[in-house]
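Geometric and topological summary
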Amino acid sequence: GEDVEQSLFLSVREGDSSVINCTYTDSSSTYLYWYKQEPGAGLQLLTYIFSNMDMKQDQRLTVLLNKKDKHLSLRIADTQTGDSAIYFCAVLGSSASKIIFGSGTRLSIRP
Amino acid sequence: GAVVSQHPSRVICKSGTSVKIECRSLDFQATTMFWYRQFPKKSLMLMATSNEGSKATYEQGVEKDKFLINHASLTLSTLTVTSAHPEDSSFYICSVTGTGDYEQYFGPGTRLTVT
């Protein structure tokens, strides 16, 4: 079945850029998402990219998609303390009926 | 995007009792609702998918008689955990989507603790 993999932790200094990486197995995935979850809260959709795009930028967020390698990344520029959260990569499976989530990357910010 | 609420946000119940969790789509006609379960420091595990007016489709390994799902209208779905046990303690999150919509909008989650 579809699988989505992420590293579990990332620590960056405040003001630096954060890059969170994700790999997936289903080459026919159409939509790929990044969600943010703050402690004790639900998931907030940050951004998504359609599979025919290589890059999408939205203010401090840049999403890069390498379909050949099935690799998705999220870059957060000028990382702030408010960016501390768990970031989930997710893909819309080939059945187009459900979204498959990665395990989440916990981003911590150090001064 | 859609605004999704869940009620209650937190619930503590005794082992053997049943608990009902509501998921409401406040401003959106949700043709499909999803129920997820999240263990501490883990990803979301899809439990079931429900379409309005029809029976839910459960994922493999999820007991449909234990986790009763009712999607009675385009704005309301309920998850009832029957005869709850401590191992059912978890964070339950619902999400909604519309027809042909590739975005899922998530509720804030319900923390269930079974003592």
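All values derive from a computational prediction rather than experimental measurement.

What follows deals with the overall build of chain B. A count of helices and strands for chain B gives 0 helices and 11 strands. For chain B, the C-alpha radius of gyration of 13 Å lies close to 13 Å, the compact-globule estimate for 115 residues. For chain B, the spread of C-alpha atoms along the principal axes amounts to about 40 × 25 × 20 Å. A buried classification covers 51% of the 115 residues belonging to chain B. If you take every contact in chain B between residues at least 6 apart in sequence, the share linking residues at least 24 apart comes to 55%. Carbon together with sulfur atoms contributes 51% to the accessible area of chain B, which is approximately 5,600 Å² in total. Of the side-chain charges in chain B, 11 are positive and 10 negative, and the distance between the mean point of each set is 10 Å.

A few words now on the sheet that holds strand S3 (residues 18-24) of chain A. All names here are of chain A. Spatially, the 5 strands line up as an open sheet ordered S1-S3-S8-S7-S6, and their pairing is antiparallel. Across the chains shown, the open sheet's two edge strands, defined by having one partner strand only, are strand S1 (4-6) and strand S6 (55-58). Neighbour-to-neighbour, the strand axes of the sheet open up by a mean angle of 15°, direction not taken into account. Across 6 bridges, strand S7 (residues 61-66) lies against strand S8 (residues 71-76) in antiparallel orientation. Looking at the pairing, Leu64 lines up with Ser73 of S8.

Let's shift gears to unusual backbone geometry. With omega at 0°, the peptide bond leading from B:His7 into B:Pro8 counts as cis. Assignment of secondary structure puts B:Pro8 in the loop between strand S1 (4-7) and strand S2 (10-13). Despite not being glycine, A:Asp78 has its phi angle at roughly 50°, a positive value. Relative to the elements of secondary structure, A:Asp78 occurs in the loop between S8 and strand S9 (85-92).

Moving on, we get to the confidence of the model for chain A. Predicted confidence across chain A gives a mean pLDDT of 92, with 96% of residues reaching 70 or more. Mean pLDDT values for the elements of chain A range from 88 in strand S10 (residues 99-101) of chain A up to 98 in S8(A).

We now examine the packing of aromatic side chains. Per the counting criterion, the structure on display carries 14 aromatic pairs over all chains. Relative to B:Tyr92, the ring of B:Phe67 lies with its centre 6.4 Å away and its plane at 45°, an arrangement referred to as tilted. Here B:Tyr92 lies in strand S9 (residues 90-97) and B:Phe67 lies in strand S7 (residues 67-73), a separation of 25 residues in the sequence. Through pairs of rings, three or more aromatic residues link up here, namely A:Tyr31, A:Tyr33, A:Tyr35, A:Tyr48, A:Phe50, A:Phe88, A:Phe101, B:Phe34, B:Tyr36 and B:Phe106. Directly above the ring of A:Tyr48 sits A:Lys56, whose terminal nitrogen or CZ lies 4.5 Å from the centroid. Over the face of the ring belonging to B:Phe67 we find B:Lys66, whose NZ or CZ atom lies 6.0 Å from the ring centre.

A few words on the nonpolar core. Residues and elements named next belong to chain B. Core analysis: the largest hydrophobic core is formed by 26 residues, its most contacted members being Cys23, Trp35, Phe67, Leu79, Tyr92, Val96 and Leu112. Elements that contribute at least two residues to this core include exactly S2, strand S3 (19-25), strand S4 (32-38), strand S5 (44-51), S7, strand S8 (76-81), S9 and strand S11 (110-114). In this structure, Tyr92 is in contact with Gln6, Ile21, Tyr36, Arg37, Met47, Phe67, Leu79, Gly109, Thr110 and Leu112, ignoring residues within four places of it in sequence.

Now for the interface of chain A and chain B. Listed per partner, the contact involves 19 residues of chain A and 17 residues of chain B. For the pair chain A and chain B, the summed buried surface comes to about 1,400 Å²; carbon and sulfur atoms form 58% of the total. Contact with chain B buries surface across chain A, with A:Leu43, A:Lys98 and A:Phe101 losing the most and accounting together for 29% of the total. The tally of links between chain A and chain B comes to 5 residue pairs in polar contact (both at pLDDT 80 or more). Counting only elements with at least two residues in the side of chain A that touches chain B, the list comes to strand S4 (31-37), strand S5 (43-50), S9 and S10 of chain A. Counting residues per element, the side of chain A that touches chain B draws most heavily on S4(A), which supplies 4 residues. Class assignment of the residues belonging to the side of chain A that touches chain B gives a composition of 11 nonpolar, 6 polar and 2 charged.

Calculation criteria
Residues numbered from 1 in each chain as written. Chains lettered and ligands numbered in written order. Predicted model: local features only at pLDDT ≥ 70, side-chain atom pairs only at ≥ 80, totals over all residues. Heavy atoms only, no water. Helix = DSSP H or I, 4+ residues; strand = E, 2+ residues; numbered from the N terminus. Rg over C-alpha atoms; globule rule 2.2 N^0.38 Å. Buried < 20%, exposed > 50% of the residue type's maximum accessible area, 1.4 Å probe, protein only. Contact = heavy atoms within 4.5 Å. Areas by Shrake-Rupley, 256 points an atom, 1.4 Å probe, with all protein chains shown as cover. Lys, Arg positive; Asp, Glu negative; His and termini not counted. Charge placed at Lys NZ, Arg CZ, Asp CG, Glu CD. Pairing = 2+ DSSP bridges. Axes fitted to C-alpha atoms, helices over the stretch in contact; angles between N-to-C directions. pLDDT = per-residue confidence, 0-100. Phe/Tyr/Trp six-rings, centres within 6.5 Å; stacked < 30°, edge-to-face > 60°. Lys NZ or Arg CZ within 6 Å of the ring centre and 35° of its normal. Core = buried A, V, L, I, M, F, W, Y, C linked by side-chain atoms within 4.5 Å. Buried area = accessible area lost by both parts, 1.4 Å probe. Polar contact = N/O pair within 3.5 Å; in protein donor to acceptor, adjacent residues only side chain to side chain. Nonpolar A, V, L, I, M, F, W, Y, C, P; charged D, E, K, R; others polar.

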